[in-house]
Amino acid sequence: MKLFTTGTLLIMSLVGMAAEMPVVTGEPFPDTDGVHVNAHGGGIMKHDGVYYWYGEHRDNGQPSSYQRGVACYTSPDLKTWTNRGIVMEVSETPGDPIEKGCIIERPKVVYNPATGKFVLWFHHEMKGVGYGSAYAGVAVADNPLGPFRLLHTGRVNPGVYPLGTAEDAKNLKWDEKMEWWTPQWRKAIEEGMFNLRDLDGGQMSRDMTVYVDDDGKAYHIYSSESNLTIQIAELDPTYTRHTGRYVRLFPGGHNEAPAIFKKDGVYWMITSGCTGWDPNAARLMRATSIMGPWEQLPNPCRGEGAEITFGGQSTYIFKDDRGFTFMADIWNPKQKSDSRHLWLPVKFGDDGVPYIEKPEK
Ligand code: GAL
């Protein structure tokens with residue numbers, strides 16, 4: 001008995017294809033020119049039916065401080081990626097904030113329907129200072145393929161206390177020479193020692209992401225206070241400035257590489273610990289309001305390699321009508337352009353808590 005016509009089978013296989021999100025497990029990921037995608041620490045934006053993948057462009061064999069800027073690739077289906085070149089280039093002009101030799105990491109682009117602009121946020125370090133600037137850079141473009149023009153760069157919310165700061169906490173004087181990781185030091189971090197240290201000049205911002213909520217409000221989420229504390233800062237309606245409302249998450253928790261998504265009214269965040277380019281165990285947090293309170297849960301990764309996030313470090317969680325994809329970087333510090341990509345589906349347990357497994361290939 002013939003169960004299905006050829007037409008039915010074709011439709012079933014198309015439906016099957018549509019249901020399948022690409023899974024990438026560290027193998028080379030060639031673009032349409034056959035070259036491994038050189039976009040790291042990045043994220044994906046969908047606009048007018050096209051997927052845009054923005055990331056750090058890393059040069060082959062160049063000193064690690066030399067970067068060309070932010071790379072962009074496009075795809076109709078998340079599987080085939082075409083190199084669209086550098087959408088924000090470092091400058092050849094001495095003294096320019098993004099002068100060649102600066103560091104540009106973890107770029108994320110969001111579209112602002114109210115202004116019609118594409119807004120690029122990135123972790124920015126000025127030339128010659130290593131990771132000492134801890135700036136957030138903002139650039140805008142009229143076109144998702146750029147060119148993105150730098151608007152400003154700097155620390156976050158200078159002179160502004162985080163939400164909920166008690167009046168007496170504002171008068172605390174801290175001993176910056178206190179020995180790290182002692183109980184007194186932990187208490188001081190909790191109470192805002194580094195937050196206060198940076199109050200006048202603004203909060204540090206290193207590893208970061210940007211999130212646009214269902215209500216159209218956007219947030220900058222970043223590793224602050226010498227990478228000890230995550231902060232979430234609300235953005236204004238143009239998505240290019242902070243409003244001054246911000247919160248501190250897990251003081252002293254040493255989280256970086258934040259990636260966030262929302263499902264059924266719950267915000268989920270995955271971060272890494274702070275071990276530089278080396279992988280470590282991912283952390284999972286949840287909240288029902290983006291400004292907190294946030295609660296920490298166990299490592300969301302399961303199976304072999306879970307204790308080092310399968311060799312990767314979170315960068316973004318991409319939402320599609322087929323589900324959520326966890327994007328991570330398997331860094332190769334000796335040849336950063338050959339850092340590999342890890343894209344794994346986010347699954348949900350019966351309790352609704354997300355987890356990540358690396359499938360056998
Ligand atoms: C990692 C961070 C990367 C990069 C690196 C530099 O911890 O996640 O984005 O900044 O440190 O060592």
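Attention in this report is confined to the structure presented alongside it. (Residues numbered from 1 in each chain as written. Predicted model: local features only at pLDDT ≥ 70, side-chain atom pairs only at ≥ 80, totals over all residues. Heavy atoms only, no water.)

Next up on the list: the site of the ligand. All residues in the neighbourhood of the ligand are listed as E105, R106, Y131, D207, E256, G276, W277 and Q313. At a separation of 2.2 Å, an oxygen atom of the ligand approaches a polar side-chain atom of E256. In isolation the ligand has 310 Å² of accessible area, and contact with the protein removes 87% of it. Taken together, the residues of the shell around the ligand sort by class into two nonpolar, two polar and four charged. (Near = heavy atom within 4 Å. Polar contact = N/O pair within 3.5 Å; in protein donor to acceptor, adjacent residues only side chain to side chain. Areas by Shrake-Rupley, 256 points an atom, 1.4 Å probe, with all protein chains shown as cover. Nonpolar A, V, L, I, M, F, W, Y, C, P; charged D, E, K, R; others polar.)

The next thing to look at is the state of the cysteines. Tallying each qualifying case throughout the model produces zero disulfides. The closest cysteine sulfur to the non-disulfide-bonded C72 is located on C102, 18 Å from its own sulfur. The exposure class of C72 is buried, given its relative accessible area of 0%. (Disulfide = S-S within 2.5 Å. Buried < 20%, exposed > 50% of the residue type's maximum accessible area, 1.4 Å probe, protein only.)

Tracing the backbone through its elements, the reader meets S205 in the loop between α3 (193-197) and β10 (208-212). Residue class for S205 comes out buried when judged on its relative accessible area of 0%. For S205 and G323, which are 118 residues apart along the polypeptide, the C-alpha to C-alpha distance reads 30 Å. If sequence neighbours within four positions are ignored, S205 has contacts with H123, A134, Y135, A136, V156, H220, Y222 and S223. (Helix = DSSP H or I, 4+ residues; strand = E, 2+ residues; numbered from the N terminus. Contact = heavy atoms within 4.5 Å.)

The values are spatial; any link to function lies outside them.
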